[in-house]
Amino acid sequence: MNTNNELISLKENASKPIYSLTPFTLLDYPHKSACILWFAGCNMRCLYCYNPEIVLGKGSLSFEKILSFLQSRRNLLDAVVFSGGECLLHKNVIPLIAEVKKMGFLIKIDTNGSKPEILQQLIDNELINYVALDFKALSSHFEKITQSKLFLTFEQSLQLLIKSGILFEVRTTVHSDLISEKEIRLMIYYLNTNNYKGNYYIQHFVNNVTTLEKLGYSFRELEGKDLSTENIKVHFRG
């Protein structure tokens, strides 16, 4: 990769794709201190999405400003989390990640799995250390929940991550009106049959927040259920 030319391109790029920055977190990269870059825009419109201002809004921070901030955090933070929205949609995200990696940071990607070709390039160039892959729903409910037809690209991303050997987790946000216990058990079965082995995080929907679609109260009906299998350890968040 020609990083000198890529850095020039990043600095000359006048666009501001990053909506906001969380300067410090101990929650978003396992066992590491990190900051989070929230990229504006997404190619899904999940009914329960609690970041409508990020998904529908525009960015305010340029790559150059982000690189300047990260330069000041070298040896203070372990990692940088690329999130959103959908961070992998954005032009020049690969050279930005390359520059951040050169600074010595670990890289985590939060993704809906809709850009397997970008994930593949990042893996091939050894630019990422950890991935959180959102498993929105099975194919039968995917379009309803995400307002998109991107299940096949999610499947491609899941398979390439499994084959790559890179560290990654799978996670699902659950609203009780949208995903039932039966559906979750079928999703776990799907992961098993696709040879996924690892952690599966069920994220409880947070009530009383602004979402893309007006939803009723979500009950934590799965809490305390024994959902783990021999190869998949189920954890609850939220």
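Just so we're clear, the structure is a prediction, and the values are computed from it rather than from any experiment.

S.K.: Explain the overall build of the chain to me, please; I cannot follow it from the model alone.
M.R.: Scanning the chain from terminus to terminus reveals eight helices and eight strands. Whereas a compact globule of 238 residues would reach a radius of gyration of roughly 18 Å, the chain reaches 18 Å, a difference of no more than 12%. Over its C-alpha atoms, taken along the principal directions, the chain stretches across nearly 50 × 35 × 35 Å. Across the chain, the fraction of contacts at a sequence separation of at least 24, relative to all contacts at a separation of at least 6, is 73%. Accessible surface computed for the chain: about 11700 Å², of which carbon and sulfur atoms make up 48%. The chain carries 26 positive and 24 negative side-chain charges, and their two centres are separated by 3 Å.

S.K.: It is not clear to me how the state of the cysteines should be interpreted in this structure. Could you clarify?
M.R.: Disulfide: a covalent bond connecting the sulfur atoms of a pair of cysteines. Counted under the stated rule, the structure contains zero disulfides. Summary of cysteine pairing: Cys 87 is not part of a disulfide, and the nearest cysteine sulfur, belonging to Cys 42, is at 10.0 Å. Residue Cys 87 is classed as buried on the basis of its relative accessible area of 0%.

S.K.: For this particular structure, what's the right way to read the sheet that holds strand 2 (residues 34-39)?
M.R.: Strand pairing in a sheet relies on backbone hydrogen bonds. The paired strands run either parallel or antiparallel. Strand order across the open sheet formed by eight strands is 1-2-3-4-5-6-7-8, with mixed pairing between neighbours. Looking at the sheet topology across the chains shown, the edges are occupied by strand 1 (18-25) and strand 8 (232-237). Averaged over neighbouring strand pairs, the angle between their axes works out to 20° when direction is ignored. Of the strand pairs in this sheet, strand 2 and strand 3 (residues 79-84) are connected by six bridges, and their pairing is parallel. Within strand 3, the residue paired with Ala 34 across the bridge is Ala 79. Docked against the sheet, helix 7 (residues 151-164) engages strand 5 (130-134) and strand 6 (167-174), running at close to 150° with respect to strand 5.

S.K.: Teacher, can you tell me more about helix 5 (residues 116-124) here?
M.R.: Along an α-helix, a turn takes 3.6 residues, which lines up residues three or four apart on a common side. Every buried residue belonging to helix 5 is among Pro 116, Ile 118, Leu 119, Leu 122 and Ile 123, and all of these are buried. With its buried residues spanning 160° around the axis, helix 5 presents them on a single face. Those residues of helix 5 that are buried lie in contact with helix 4 (93-102), strand 4 (106-111), strand 5 and helix 7. Note on helix 5: the residue one or two positions beyond its end, Glu 126, has a positive phi of about 55°.

S.K.: Any chance you could explain the pairing of strand 3 here in plain terms?
M.R.: As a general feature of sheets, a regular strand has side chains that alternate between the two faces. Where burial is concerned, most of strand 3 is hidden: six out of the six residues are buried. Side chains Ala 79, Val 81 and Ser 83 project from strand 3 onto one buried face, and the interleaved Val 80, Phe 82 and Gly 84 project onto a second face that is buried too. Pairing geometry for strand 3 and strand 4, over four bridges, is parallel. Counterpart to Val 80 in the pairing with strand 4 is Ile 107. In terms of handedness, the path from strand 3 via helix 4 over to strand 4 forms a crossover that is right-handed.

S.K.: Even after reading the chapter, I still don't get the pairing of strand 6, so can you show me in this structure?
M.R.: Counting buried positions over the eight residues of strand 6 gives seven, a clear majority of the element. Two strands pair when backbone bridges link them, and strand 5 and strand 6 are joined in this way by five bridges, in the parallel orientation. Across the sheet, Tyr 130 pairs through a bridge with Leu 167, a residue of strand 6.

S.K.: Looking at this model, I keep getting lost on the environment of Ile 66. Mind explaining?
M.R.: Counting through the fold element by element, Ile 66 comes out in helix 3 (residues 63-72). Each C-alpha atom, one on Ile 66 and one on Glu 183, is 40 Å from the other, the two residues being 117 residues apart in sequence. Leave out the neighbours within four places in its chain, and Ile 66 touches Ile 18, Leu 37 and Leu 61.

S.K.: I would appreciate a short explanation of the nonpolar core in the present structure.
M.R.: The nonpolar side chains of a soluble globular protein tend to be buried, and buried together. In this structure, Phe 82, Phe 135, Ile 184 and Tyr 200 are the most contacted members of the largest nonpolar core, which totals 70 residues. By residue number, the principal contributor to this core is helix 4, which donates six residues. Ignoring anything within four residues of it in the chain, the contact list for Tyr 200 reads Phe 135, Val 170, Arg 171, Thr 172, Ile 184, Met 187, Ile 188, Leu 191, Ile 232, Lys 233, Val 234 and His 235. Within the second largest apolar cluster, eight residues are counted, among which are Ala 34, Trp 38, Ile 54 and Val 81.

Parameters and conventions
Residue positions are given per chain, counted from 1 along the sequence in the order it is written. It should be noted that, the model being predicted, local features are given only for residues of pLDDT at least 70 and side-chain atom pairs only at 80 or more, the latter also being counted only at that level, while totals for whole chains, interfaces and linings use all residues. Computation of side-chain values covers all heavy atoms of the structure but excludes hydrogens and water. The way it works is that DSSP assigns letters per residue, a run of H or I at least four long becomes a helix, a run of E at least two long becomes a strand, and they are numbered from the N terminus. It is over C-alpha atoms that the radius of gyration is taken, and the globule rule equals 2.2 Å times the number of residues to the power 0.38. The contact criterion used throughout is that any non-hydrogen atoms of two residues lie within 4.5 Å. Throughout, the Shrake-Rupley method with a 1.4 Å probe supplies accessible areas, and for residues the shown protein chains are the sole cover considered. In this tally, Asp and Glu contribute negative charge and Lys and Arg positive charge; neither His nor the terminal groups of the chain are included. By convention, the charge on Lys lies at NZ, on Arg at CZ, on Asp at CG and on Glu at CD. Sulfur atoms of two cysteines make up a disulfide when they are within 2.5 Å. Each residue gets one of three labels from its accessible area relative to the maximum for its type: buried under 20%, exposed over 50%, partly exposed in between, using a 1.4 Å probe on protein chains only. In this scheme, strands are said to pair when DSSP sees at least two bridges between them. Helix axes are fitted only over the stretch in contact, all axes being lines through C-alpha atoms; the angle between N-to-C directions runs from 0 to 180 degrees. For this quantity, the arc is that covered by the directions from the helix axis to the C-beta atoms. If the strands point away from the viewer and the path from the first strand over the helix to the second runs clockwise, then the crossover is right-handed. By convention a nonpolar core is built from buried Ala, Val, Leu, Ile, Met, Phe, Trp, Tyr and Cys residues, the set being connected through side-chain atoms within 4.5 Å.

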